[in-house]
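# A closer look at the structure
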Amino acid sequence: MNNIEEKLWSYIDGTCTAGERAAIDLLLVDDQEYQQTYLELLALNREIAGMELEEPSMAFTYKVMENIRAEHARQPLKTHINNNIIKIIGGFFIITIAAMLIMVLASINWSAAGPVTVPTFRMPDLSGITNNWIFKGFMFFDVVLLLFVVDGFLRKRILYKQP
């Protein structure tokens, strides 16, 4: 926008000072370029003032909010499962099962007791472990955890059976 248009817009809008208004009045009387630009800007201003503003419907905000809510509902829940934790837990169980298998195989008596070799298996002595207070605490915790799981299962089962 050039300087002439800026001065004329401030003149049309009424935002210029009294001194600027008097100077622009003199320019409009004397200068043909100012007169032509003033008439164009005045016509544009009348056209803009005559336009009817479009307003959204009364339910516009509600519809927009419902679309946003529906869009969020369509997105699946994003859960991140750390594969390293799963590998560590799996490794722990594999090592535990392997250690138990090795312990069982080591406790079998492979000596021949006649024409047919029948290995005899002797259970390891677990009395030292079962009398320990840590083992008893661990078993108590497992029983309580099992009760919570069974309670949750039964509550869901009863909840889904009701109409």
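What counts and how
- Residues numbered from 1 in each chain as written.
- Predicted model: local features only at pLDDT ≥ 70, side-chain atom pairs only at ≥ 80, totals over all residues.
- Heavy atoms only, no water.
- Helix = DSSP H or I, 4+ residues; strand = E, 2+ residues; numbered from the N terminus.
- Contact = heavy atoms within 4.5 Å.
- Phe/Tyr/Trp six-rings, centres within 6.5 Å; stacked < 30°, edge-to-face > 60°.
- Buried < 20%, exposed > 50% of the residue type's maximum accessible area, 1.4 Å probe, protein only.
- Axes fitted to C-alpha atoms, helices over the stretch in contact; angles between N-to-C directions.
- Parallel < 35°, antiparallel > 145°, perpendicular 65-115°, else oblique.
- Left-handed = near helix turned anticlockwise from the far one by under 90°.
- Nonpolar A, V, L, I, M, F, W, Y, C, P; charged D, E, K, R; others polar.
- Core = buried A, V, L, I, M, F, W, Y, C linked by side-chain atoms within 4.5 Å.
- Polar contact = N/O pair within 3.5 Å; in protein donor to acceptor, adjacent residues only side chain to side chain.

## Thoughts on the overall build of the chain
Of regular secondary structure, the chain possesses 7 helices and 2 strands. In sequence order, the chain lays out its α and β elements as α-α-α-α-α-β-β-α-α. Within the chain, contacts between residues separated by at least 24 positions form 38% of all contacts whose residues are at least 6 apart in sequence.

## Notes on the packing of aromatic side chains
Applying the stated criterion across every chain, the model contains 2 aromatic pairs. When the centroid spacing of 5.7 Å and the interplanar angle of 70° are considered together, the rings of Tyr 11 and Tyr 38 count as edge-to-face. You can see Tyr 11 sitting in helix H1 (residues 3–13) and its partner Tyr 38 sitting in helix H3 (residues 32–50), a full 27 residues away along the chain. Of the residues examined, Tyr 11 reaches a relative accessible area of 12% and is grouped as buried. Consider the rings of Phe 92 and Phe 93, whose centres lie 5.4 Å apart with planes at 65°: the pair is edge-to-face.

## With respect to the packing of H1 against helix H2 (residues 18–30)
Running from N to C, H1 and H2 cross one another at 115°; their axes reach a closest spacing of 11 Å. On the basis of the axis angle, H1 is roughly perpendicular to H2. For H1 against H2, the interelement crossing comes out left-handed. The residues of H2 that touch H1, namely those facing Lys 7, Leu 8 and Tyr 11, are Arg 21, Ile 24, Asp 25 and Leu 28. Of the residues belonging to the contact of H1 with H2, the class tally is 4 nonpolar, no polar and 3 charged.

## Concerning the side chain of Thr 37
With respect to the helices and strands, Thr 37 occurs in helix H3. Overall, Thr 37 belongs to the buried group, its relative accessible area being 14%. Once residues within four sequence positions are removed from consideration, Thr 37 is found in contact with Ile 4, Glu 5 and Leu 8.

## Some thoughts on the nonpolar core
Among the nonpolar cores identified, the biggest contains 12 residues, and these are Ile 4, Leu 8, Trp 9, Tyr 11, Ile 12, Cys 16, Ile 24, Leu 28, Tyr 34, Tyr 38, Leu 41 and Leu 42. Elements supplying a minimum of two residues to this core: H1, H2 and H3. Here the element with the most residues in this core is H1; it accounts for 5 residues. In this structure Cys 16 touches Ser 10, Tyr 11 and Arg 21, once residues within four positions along its chain are discounted.

## Quick look at the side chain of Ser 10
Tracing the sequence through the fold places Ser 10 in helix H1. Judged by relative accessible area, which is 18%, Ser 10 ranks as buried. Within the structure, Ser 10 has its side chain in polar contact with the backbone oxygen of Lys 7 (distance 2.7 Å). If near-sequence neighbours (up to four positions away) are discounted, Ser 10 is found in contact with Thr 15 and Cys 16.

## Some thoughts on the packing of H1 against H3
Taken N-terminus to C-terminus, the directions of H1 and H3 make an angle of 55°; their axes are 10 Å apart at the nearest point. Relative to H3, the element H1 lies oblique. In terms of crossing hand, the pair formed by H1 and H3 is right-handed. Here Ile 4, Glu 5, Lys 7, Leu 8, Trp 9, Tyr 11 and Ile 12 of H1 come into contact with H3, specifically with Glu 33, Tyr 34, Thr 37, Tyr 38, Leu 41, Leu 42, Leu 44 and Asn 45. Of the residues assigned to the contact of H1 with H3, the class counts are 10 nonpolar, 2 polar and 3 charged.

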